[in-house]
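Listed below are the residues making up each chain.
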Amino acid sequence: MNNLPTIQDQISGQRQYDFVAKFNYIREAGTDAEHRAADTICQELAAMGLQGRLEPFTFPVPVIQTASFTVTAPYQKEYAATGCGFCENTPEEGIEADFLYVENADAISLREAQGKIIMLNGPVRGPQYQRLRSSGALGFLCVGGTPLDAGEKRIPAPVCLPNRPETPCMPGASIHYLDAVELIAQGASRARLTVLQSHDVHTSGNVAVRIEGRDKKDEILTVTAHYDSVPAGPGAYDNMAGCAIVMELCRYFQANPPRRTMEFIWFGGEEKGMLGSAAYVKAHEDELSRHRFNMNIDLAGQAIGGNVIGATTPASACALLEELGAKSGIGMSVRHNVWISATNTFAWMGIPAITLNRDGFGMHTEHDTIDLISPWSLKRSAVLLGTIAEALSESEEFPIGRDIPEEFLKKLDLQFERFE
Ligand SMILES: [Zn+2]
């Protein structure tokens, strides 16, 4: 036994909470607010005597000029619509075709899609997007909102396809849930769709700081979280709380230098489709072979909830992660799967990765504010991840290999097709 301070003694929940409180505003990628948040993270590092590197990157943002959707048979009516970001343009006069509702864009419904304007249930997600592209449809509508929306909330939700302007899909637009119900009730059978858009280029950036390892300095572990938010709310739970944990662990490992090199990274642009982590792996391509492990945090800090570690790793790593987590005394469970977070970008590059995730309330809504963030919860999550990070850093041989399961890599291929 000794009296050295433990990780429990050195990690502060209140300090993390105070950090989150500095960012109680919306930080959409590419906006001044997001840039201001990056500056604040750099200032926080400077106050600790560390120099953060800002690594800027650019990304395209769709600019919708025109979007309209009109039923032409068996009745005539124009509905409020917004264009789908990064879809193909129609001719200026639009396209007119038979209209068909294809529900979840399942294979059976899509059999009849050839040459038609189709409507699908909800936004366009990864696998549907592949099916839409090969269905022969001329255009599509997706549906957003809820039957409860009224007043200024009863508008088509902005949507963006998971591709990039270089590879446009067919023309598409979004309409409101209640209008979609009307289309079906009225038996809409023919429609005209017009979508014209261009795109601007915006700038975001990652903030990173490196703490060199004591003796295995060529081996790199990353501790990461995204600091941008969706436009709907200030993203305290998703994900400034995650950023606070990264900052707290950076402070801890500055005071307790790790055996392996640790890079702490705050990603911009994650809510626009994991842009920050993608930019990071691209900018650091030459040293990725030295990366051993990525530890990411996405969704953290609420009192009510539980800790889950999503492990995109070889199956054998799960038992080890459970054992290391148990050492911290903080409750958690490990799920061996592909998560939807920055972790994926590393895993896709063959670097095993985990995302520490806490279930909670209000993600991607105006309700995601600091009101539900708890110093108690922040402390526990930081101690949990810090315990795992420290044990991995101190191990003689790095205990987790690069043999990520083939089925995970296939899922990731599908997800990242847009980058090719
Ligand atoms: Zn997030």
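This one's a predicted model, so the numbers in the text were calculated from it and none came from an experiment. (Residues numbered from 1 in each chain as written. Predicted model: local features only at pLDDT ≥ 70, side-chain atom pairs only at ≥ 80, totals over all residues. Heavy atoms only, no water.)

Participant: Any chance you could break down the overall build of the chain for me, citing the residues and the numbers?
Facilitator: Secondary structure summary: the chain contains twelve helices and 15 strands in total. Expressed along its principal axes, the backbone C-alpha trace of the chain runs to roughly 80 × 40 × 35 Å. Here the chain holds 420 residues, and the buried ones make up 55% of them. The long-range fraction of contacts in the chain, counting pairs at least 24 apart against all pairs at least 6 apart in sequence, stands at 80%. Carbon together with sulfur atoms contributes 52% to the accessible area of the chain, which is approximately 17,800 Å² in total. Of the side-chain charges in the chain, 36 are positive and 53 negative, and the distance between the mean point of each set is 3 Å. (Helix = DSSP H or I, 4+ residues; strand = E, 2+ residues; numbered from the N terminus. Buried < 20%, exposed > 50% of the residue type's maximum accessible area, 1.4 Å probe, protein only. Contact = heavy atoms within 4.5 Å. Areas by Shrake-Rupley, 256 points an atom, 1.4 Å probe, with all protein chains shown as cover. Lys, Arg positive; Asp, Glu negative; His and termini not counted. Charge placed at Lys NZ, Arg CZ, Asp CG, Glu CD.)

Participant: Pulling in residues and values, what's your account of the nonpolar core?
Facilitator: Grouped together as the largest cluster of nonpolar side chains are 65 residues, with contacts concentrated most on Ile41, Leu45, Phe264, Trp266 and Phe293. Looking at this core element by element, the count peaks at 13 residues for helix α7 (residues 236-255). Of all hydrophobic cores here, the second largest spans 38 residues; its members include Ala105, Met119, Met170 and Leu193. (Core = buried A, V, L, I, M, F, W, Y, C linked by side-chain atoms within 4.5 Å.)

Participant: Provide a residue-level description of the domain arrangement of the chain, including the pertinent values.
Facilitator: According to the domain assignment, the chain contains domain 1 (7-60 + 202-419) and domain 2 (75-188). Centre-to-centre separation of domain 1 and domain 2, based on C-alpha positions: 35 Å. (Domains from an automatic or database assignment.)

Participant: How would you summarise the pattern of salt bridges if you had to cite specific residues and measurements?
Facilitator: Side chains that differ in charge, positive against negative, can pair when their charged atoms come close. In the structure shown here, the tally under the stated rule is 19 salt bridges. Note that Lys272 is salt-bridged to Glu28, the shortest N-O span being 2.6 Å. Remark: Glu28 occurs in the loop between α2 (13-21) and α3 (32-47) and Lys272 occurs in the loop between β11 (260-267) and α8 (275-283); sequence separation between them is 244 residues. Take Glu28: its relative accessible area is 24%, and that puts it in the partly exposed class. Among the ionic pairs, Arg190 bridges to Glu96, the shortest N-O distance being 3.5 Å. In this pair, Arg190 sits in strand β9 (residues 190-211) while Glu96 sits in strand β4 (residues 95-101), placing the two residues 94 residues apart along the sequence. (Salt bridge = Lys/Arg side-chain N within 4 Å of Asp/Glu carboxyl O.)

Participant: Before we move on, can you summarise the coordination of the zinc ion with the specific residues and values?
Facilitator: By definition of the ideal shapes, four donors in a tetrahedron about a metal sit 109.5 degrees apart, and six donors in an octahedron sit 90 or 180 degrees apart. Protein coordination at the zinc ion: the donors are His226 (NE2), Asp238 (OD) and Asp298 (OD), at 2.0 to 2.2 Å from the metal. Within one chain, the residues serving as donors to the zinc ion are arranged as H-x11-D-x59-D. Taken together, the residues Asp238 in helix α7 and Asp298 in the loop between β12 (291-297) and β13 (307-312) connect sequence positions 60 residues apart. Across the pair, exposure class does not vary: Asp238 and Asp298 are buried alike. (Donors = N, O, S within 2.8 Å, 3.2 Å for Na, K, Ca; no water.)

Participant: Tell me about the state of the cysteines, and name the residues and values.
Facilitator: In the structure shown here, the tally under the stated rule is zero disulfides. Free cysteine: Cys160, not disulfide-bonded; nearest cysteine sulfur from Cys84 at 7.0 Å. The class for Cys160 is partly exposed, based on a relative accessible area of 41%. Cys243 forms no disulfide, and the closest cysteine sulfur to it belongs to Cys42, at a distance of 12 Å. (Disulfide = S-S within 2.5 Å.)

Participant: If you had to explain helix α9 (residues 317-328) to someone new, which residues and values would you point to?
Facilitator: Its twelve residues place the ends of α9 17 Å apart at the C-alpha level, agreeing with the 16 Å of an ideal helix rising 1.5 Å per residue. Against α1 (7-10), β12, β13, β14 (333-336), β15 (353-358) and α11 (375-394) lie the buried residues of α9. Following α9 by one or two positions, Gly329 has its phi on the positive side, about 75 degrees. (Expected span 1.5 Å × (residues − 1).)

Participant: Go over the pairing of strand β3 (residues 82-85), please, and point to the residues and values.
Facilitator: Pairing of β3 with strand β8 (residues 172-176), which is carried by two bridges, proceeds in the antiparallel orientation. Bridging across to β8, Gly83 finds its partner in Ala173. Both β3 and strand β7 (residues 159-160) contribute to a ladder of two bridges, which runs parallel. Along β7, the bridge assignment pairs Cys84 with Val159. (Pairing = 2+ DSSP bridges.)

Participant: Before we move on, could you go through the pairing of strand β10 (residues 216-226) and cite the residues and values that matter?
Facilitator: Where burial is concerned, most of β10 is hidden: nine out of the eleven residues are buried. For β10 and β11, the ladder comprises eight bridges, and the chain directions are parallel. Its bridge partner being in β11, Lys216 is matched across the sheet by Arg260. Each parallel crossover has a hand, and the one from β10 via α7 to β11 is right-handed. Judged from the five bridges that link them, β10 and β12 form a sheet pairing that is parallel. Residue pairing in the sheet places Val223 in a bridge with Met295 of β12. (Right-handed = clockwise from strand over helix to strand, strands pointing away.)

Participant: Account for the side chain of Ser377, with residues named and values stated.
Facilitator: Position of Ser377 relative to the elements: it lies in helix α11. Here Ser377 falls in the buried class, since its relative accessible area comes to 1%. A polar side-chain atom of Ser377 sits 3.0 Å from the main-chain carbonyl oxygen of Gln302. For Ser377, the contacting residues outside a window of four places in its chain are Gly301, Gln302, Ala303 and Arg358. (Polar contact = N/O pair within 3.5 Å; in protein donor to acceptor, adjacent residues only side chain to side chain.)

Participant: Run through the packing of α2 against α11, naming residues and quoting values.
Facilitator: The geometry of α2 relative to α11 is characterised by a closest axis approach of 7 Å and an angle of 110 degrees between their N-to-C directions. Relative to α11, the element α2 is oriented roughly perpendicular. Note that α2 runs across α11; the crossing there is right-handed. Side by side, α2 and α11 meet where Gly13, Gln14, Gln16, Tyr17 and Val20 of the first sit next to Pro375, Leu378, Lys379 and Ala382 of the second. When its residues are assigned to classes, the contact of α2 with α11 shows five nonpolar, three polar and one charged. (Axes fitted to C-alpha atoms, helices over the stretch in contact; angles between N-to-C directions. Parallel < 35°, antiparallel > 145°, perpendicular 65-115°, else oblique. Left-handed = near helix turned anticlockwise from the far one by under 90°. Nonpolar A, V, L, I, M, F, W, Y, C, P; charged D, E, K, R; others polar.)

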